[in-house]
Amino acid sequence: MISRAKKLLVAVAVIAFAAAIWELSVRMFWPSSRFIVPFSQMLATWPRLGFGAIAVHIGETVYRAMLGFVIAAMLGILVGLLIARWRTLEAITRPIIDFLRPLPSSALIPLATLVPVLGLTERSYLFIIVYGTIWPVLFGTLVGVEHVNQTALDSINQLPLSRFGRIWNFTLPEAAPEIFTGLRIALSISYILAISAELLLGASKSGLGRFLQTLADGGDYAGVYGCILIVALVGWILNGLFRIGEGKVGWLRARQAEIGG
Amino acid sequence: MSLTINAGEVVSLLGSSGCGKSTLVRIVGGLLRPDAGDVFCDGVPLEQPYSPVSVVFQDYDAAVFPWFTARKNIVLACGGGSIDHSKIDAAAAQIGIQPLLTRYPSTLSGGEKQRVQIARALVSEPRYLLMDEPSSSLDLELRKTLLELTSDLAQSKGLGVLLVTHNIDEAVYVSDRLYLAKRDDHARRLLLMERNGYGRRVADLGQAHRDADHYGQLYEEVYRLLFSPAAAWPGS
């Protein structure tokens, strides 16, 4: 089994190799292009853009993404548990869910700007992020709860526990692998939507999306590349942190060991 | 059909796989509502899980929760109130799993997990214990230990035990009464035939004679009845 440190080392080595290939290719084939810049030039833009400013933009975007993610995660798990528990509720809500699910969040951006409660405010960002992020959590929870083992279910049902006790001690741990798969996907979506909303909505002057748009508007191609690199790096770190956090959840580890995941 | 379990006796429900034995256990345990008929526990109609009745399931891997230690698995049967750990220790000691209480199920053998499940079933001090093929995945030695434990629980604690099995040997070995089960495909129902006094008759023979002709005769008798045509069964 490869240790986490070795995995990280391999990942860094692979990225470094890809960066070197990019650097060489650009220098060999497009040495004077304005539109394609070498990797070293991307990195060189960071001090020019200012580490302080970059940190503020990262903080703003990550805050928006995380707030949307947490709200969507709580709503998704709660609604998923309710729908999976009551078949009548499922029969009523399923057509609505199936109808709304394919609707992309970005299609709601014009609407968000028009609705007085949302408008060009932080609430619009949150609305767009939560709407797009809730689906994988909701479906992960639904699948996890619906595929509970019948013997395990009988086993918990015969114990003298409250409804909450059953959910806490059984339903959530039993459905944990599917819920966490949904959460992992949701985290990426919340980050993507935070940047997309910042790019398209323009309600705030900060955030990586807005920063990217400002650089593009000023024709700073190297800056745009440098900023894209930051966007990718932050996404990679967020995913890595989630995986570390996931490894600390005893419920999940035990279930994954049981199902050989 | 009618099935009765009295206090202090081991009753076996013996039938081939798929005939509906486990469904019957789920009904008797209040985990499944019957299409027709009633279940009574001490005269009280039973429509949902009821604390005097505990169930031990065949699939211990599913029934024992892997995210809790053996102790926490047993604690769940104490409900949400204050937990009397001495009761848990006593139940674990009776089943012989006290040294395993801090371990997680992934580190336990099949027999140990099954015993955790039995300890959990016993800690709530039930009056009736329903055991759905509890030994089907265990080796011979563990099966024997489990059957003797079952018989011991019935005698020492006055537990009424329903042992569901498809194994004629273990039904004859441990039961005071036997219900033979057969699926009547034509009428789409479960047929039951009651036979009395097996375990006691075998026990009376003593350990040295358990392999003797008499044991073989009992086995033959049950085998013949079990595989007789459905039309010959009472109630068909």
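To start, this report covers the structure provided alongside it. Just so it is clear, the structure is predicted and the values come from calculations on it, not from any experiment.

Rules and cut-offs
Residues numbered from 1 in each chain as written. Chains lettered and ligands numbered in written order. Predicted model: local features only at pLDDT ≥ 70, side-chain atom pairs only at ≥ 80, totals over all residues. Heavy atoms only, no water. Axes fitted to C-alpha atoms, helices over the stretch in contact; angles between N-to-C directions. Helix = DSSP H or I, 4+ residues; strand = E, 2+ residues; numbered from the N terminus. Parallel < 35°, antiparallel > 145°, perpendicular 65-115°, else oblique. Left-handed = near helix turned anticlockwise from the far one by under 90°. Contact = heavy atoms within 4.5 Å. Nonpolar A, V, L, I, M, F, W, Y, C, P; charged D, E, K, R; others polar. Polar contact = N/O pair within 3.5 Å; in protein donor to acceptor, adjacent residues only side chain to side chain. Buried < 20%, exposed > 50% of the residue type's maximum accessible area, 1.4 Å probe, protein only. Buried area = accessible area lost by both parts, 1.4 Å probe. Salt bridge = Lys/Arg side-chain N within 4 Å of Asp/Glu carboxyl O.

## Section: the packing of helix α4 (residues 87–100) of chain A against helix α6 (residues 122–146) of chain A
All names here are of chain A.
Part 1 of the reasoning: As a packed pair, α4 and α6 sit with axes 12 Å apart at the nearest point and diverge in direction by 140°. The angle between the axes of α4 and α6 places the two elements in the oblique class. The way α4 lies across α6 gives a crossing that is left-handed. Counting all contacts with α4, which are made through Glu-90, Arg-94, Ile-97 and Leu-100, the residues of α6 involved are Tyr-131, Trp-135, Leu-138, Phe-139, Leu-142 and Glu-146.
Part 2 of the reasoning: Residue composition of the contact of α4 with α6, grouped by class: seven nonpolar, no polar and three charged.

## Description of the side chain of Lys-21 of chain B
Part 1 of the reasoning: Considering the arrangement of structural elements, one finds Lys-21 of chain B in helix α1 (residues 21–28).
Part 2 of the reasoning: A polar side-chain atom of Lys-21 of chain B sits 2.9 Å from the main-chain carbonyl oxygen of Gly-15 of chain B.

## Brief notes about the environment of Asp-84 of chain B
All names here are of chain B.
Part 1 of the reasoning: Here Asp-84 is to be found in the loop between α3 (70–75) and α4 (85–95).
Part 2 of the reasoning: A residue is classified by how much of its surface remains accessible, and Asp-84, at 37% relative accessible area, is partly exposed.
Part 3 of the reasoning: Between the C-alpha atoms of Asp-84 and Val-123, which are 39 residues apart in sequence, the distance is 9.9 Å.

## Here's the deal with the interface of chain A and chain B
Part 1 of the reasoning: Taken together, the contact pairs 20 residues of chain A with 22 residues of chain B.
Part 2 of the reasoning: Summed over both sides, the interface of chain A with chain B buries roughly 1700 Å², with 65% coming from carbon and sulfur.
Part 3 of the reasoning: On inspection of chain A and its partner chain B, the count reaches five residue pairs in polar contact (both at pLDDT 80 or more).
Part 4 of the reasoning: Those elements giving two or more residues to the side of chain A that touches chain B turn out to be α7 (150–157), α8 (163–201) and α11 (250–259) of chain A.
Part 5 of the reasoning: Broken down by element, the residue count for the side of chain A that touches chain B peaks at seven residues, all from α7 of chain A.

## A short note on the pattern of salt bridges
Charged atoms that come close allow side chains of opposite charge to pair.
Part 1 of the reasoning: Per the counting criterion, the structure on display carries 15 salt bridges over all chains.
Part 2 of the reasoning: Close ionic contact of Asp-154 of chain A with Arg-26 of chain B constitutes a salt bridge, the shortest N to O distance being 2.6 Å. Residue Asp-154 of chain A is found in helix α7, and its partner Arg-26 of chain B is found in helix α1; the two belong to separate chains.
Part 3 of the reasoning: The shortest N-O distance in the salt bridge between Glu-9 of chain B and Arg-177 of chain B comes to 2.4 Å. A residue pair is termed long-range when its members are at least 10 positions apart, and Glu-9 of chain B in the segment before β1 (10–15) and Arg-177 of chain B in strand β7 (residues 177–184) qualify at 168 residues. Take Glu-9 of chain B and Arg-177 of chain B: they sit in the same class, and that class is buried.
Part 4 of the reasoning: Here the residues in one salt-bridge network are Glu-60, Arg-64 and Glu-198 of chain A, joined through shared partners.

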